[in-house]
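# Commentary on secondary and tertiary structure
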Amino acid sequence: MPLGSTLTEVMGDLELLRLHQLMDSQLPVGSFAHSWGLEAYAARGLLDDRTLEGLLRVALSRGGLRLEGAACALAHGAALDLEAMRDLAHLLDAWMPIAGPRETSLRIGGRLARLLQRIHGLAWPMEVPPHQALVAGWAGRHLGIPLRPLLLLYIQNGLLALMAAATRTGALSPERAQEILVGLQGRVVEVAQEVLEDPQASLWSSTPGWDLRAAEQPHLETRLFLS
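Now for a description of the structure that goes with this document. (Residues numbered from 1 in each chain as written. Predicted model: local features only at pLDDT ≥ 70, side-chain atom pairs only at ≥ 80, totals over all residues. Heavy atoms only, no water.)

## Here's the deal with the nonpolar core
Counting residues in hydrophobic clusters, the biggest one holds 68 residues, and the most contacted among them are Leu38, Leu52, Leu134, Trp138 and Leu159. Residues contacting Leu134, with those up to four places away along its chain left out, are Ala71, Ala75, Met85, Leu88, Ala89, Leu92, Trp124 and Pro129. (Core = buried A, V, L, I, M, F, W, Y, C linked by side-chain atoms within 4.5 Å. Buried < 20%, exposed > 50% of the residue type's maximum accessible area, 1.4 Å probe, protein only. Contact = heavy atoms within 4.5 Å.)

## Quick notes on helix 4 (residues 49-62)
If you check helix 4, its first and last C-alpha atoms are 20 Å apart, about what 14 residues at 1.5 Å a residue would give, namely 20 Å. Considering only its buried residues, helix 4 is in contact with helix 3 (38-43), helix 5 (64-78), helix 9 (147-168), helix 10 (174-197) and helix 11 (208-216). Two to three positions downstream of the cap, the backbone nitrogen of Arg50 sits 3.2 Å from a side-chain oxygen, assigning the N-cap of helix 4 to Asp48. (Helix = DSSP H or I, 4+ residues; strand = E, 2+ residues; numbered from the N terminus. Expected span 1.5 Å × (residues − 1). Polar contact = N/O pair within 3.5 Å; in protein donor to acceptor, adjacent residues only side chain to side chain.)

## Topic: the packing of helix 4 against helix 9
Contact geometry for helix 4 and helix 9: axes closest at 11 Å, N-to-C directions at 150°. The orientation of helix 4 relative to helix 9 falls into the category roughly antiparallel. For helix 4 against helix 9, the interelement crossing comes out right-handed. Listed contacts from helix 9 to Leu52, Leu56 and Leu60 of helix 4 are Ile155, Leu159, Leu162, Met163 and Ala166. (Axes fitted to C-alpha atoms, helices over the stretch in contact; angles between N-to-C directions. Parallel < 35°, antiparallel > 145°, perpendicular 65-115°, else oblique. Left-handed = near helix turned anticlockwise from the far one by under 90°.)

## Side note on the packing of helix 2 (residues 13-22) against helix 7 (residues 99-120)
Helix 7 packs onto helix 2 with a crossing angle of 145° between their chain directions and a minimal axis gap of 13 Å. Our pair here, helix 2 against helix 7, has a crossing hand that is right-handed. Within the contact between the two elements, helix 2 uses Arg18, Gln21 and Leu22 and helix 7 uses Leu112, Leu116, Ile119 and His120. For the contact of helix 2 with helix 7, a count of residues per class yields four nonpolar, two polar and one charged. (Nonpolar A, V, L, I, M, F, W, Y, C, P; charged D, E, K, R; others polar.)

## What about the packing of aromatic side chains?
Under the definition given, this model contains two aromatic pairs. Ring geometry for Tyr41 and Trp210: centres 6.1 Å apart, planes at 75°, overall edge-to-face. Of this pair, Tyr41 sits in helix 3 while Trp210 sits in helix 11, and the two are 169 residues apart along the sequence. In this pair, the class of Tyr41 matches that of Trp210, namely buried. Judged by centre distance (5.0 Å) and plane angle (85°), the rings of Trp124 and Trp138 are edge-to-face. With a gap of 14 residues between them, Trp124 in the loop between helix 7 and helix 8 (132-142) and Trp138 in helix 8 connect regions that are remote in the sequence. (Phe/Tyr/Trp six-rings, centres within 6.5 Å; stacked < 30°, edge-to-face > 60°.)

## A short note on the pattern of salt bridges
For the coordinates displayed, the defined rule picks out 10 salt bridges. Of the charged contacts, one joins Glu194 and Arg66 as a salt bridge, the two residues approaching to 2.7 Å between their closest N and O atoms. Here Arg66 lies in helix 5 and Glu194 lies in helix 10, a separation of 128 residues in the sequence. Linking Glu190 and Arg187 is a salt bridge whose minimum nitrogen-to-oxygen distance equals 3.0 Å. (Salt bridge = Lys/Arg side-chain N within 4 Å of Asp/Glu carboxyl O.)

Don't take any of this as a statement about function, it's just geometry.
Written as structure tokens, this is what we have:
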């Protein structure tokens with residue numbers, strides 16, 4: 001984006017408002033009920049603000065945040081191609097081997113798809129598994145939202161969801177979460193640019209620590225989160 005330009009110069013006012021609504025944490029899709037394995041880290045005494053910041057950097061560089069950003073970007077491009085969307089969903093399934101995160105993605109994406117049909121009349125193709133990132137990218141395309149701002153906010157919202165979960169476990173304060181977010185925003189921009197340049201090359205994940213804790217999450221004796 002050229003210096004001095006604004007989002008409203010890149011997209012219309014209506015599209016800007018729709019983008020913020022689509023990315024609003026208050027959207028009733030149930031994301032607040034999931035920690036993506038962070039609760040298991042906290043239960044083992046492994047989660048503090050310094051550790052969390054490292055985990056988030058890994059998620060951006062090698063993990064779920066990059067993977068989902070790539071899926072969102074590819075869905076934005078393939079939104080009008082049913083076969084390409086179906087293939088993309090199967091690829092995303094393969095890159096999410098742990099049942100908890102995979103089912104969470106489908107559950108939240110399904111709720112998002114139903115909400116979008118209700119408020120915008122968008123009909124998600126029933127043949128395609130409704131992963132959250134795919135629904136977001138597909139919806140952005142149909143609502144006229146450019147990919148770059150959509151991707152930036154999608155990745156940042158992923159960070160915010162993880163930090164909100166960490167806050168609920170007592171691992172950090174809301175104020176500290178905002179400090180961490182500011183420190184990571186430059187990396188969000190870098191990752192988004194890398195995804196935009198070649199989204200297919202970013203469609204992968206390698207975070208065994210995250211996967212281990214996400215697999216452990218359903219077996220905790222007491223839980224705040226479903227996953």
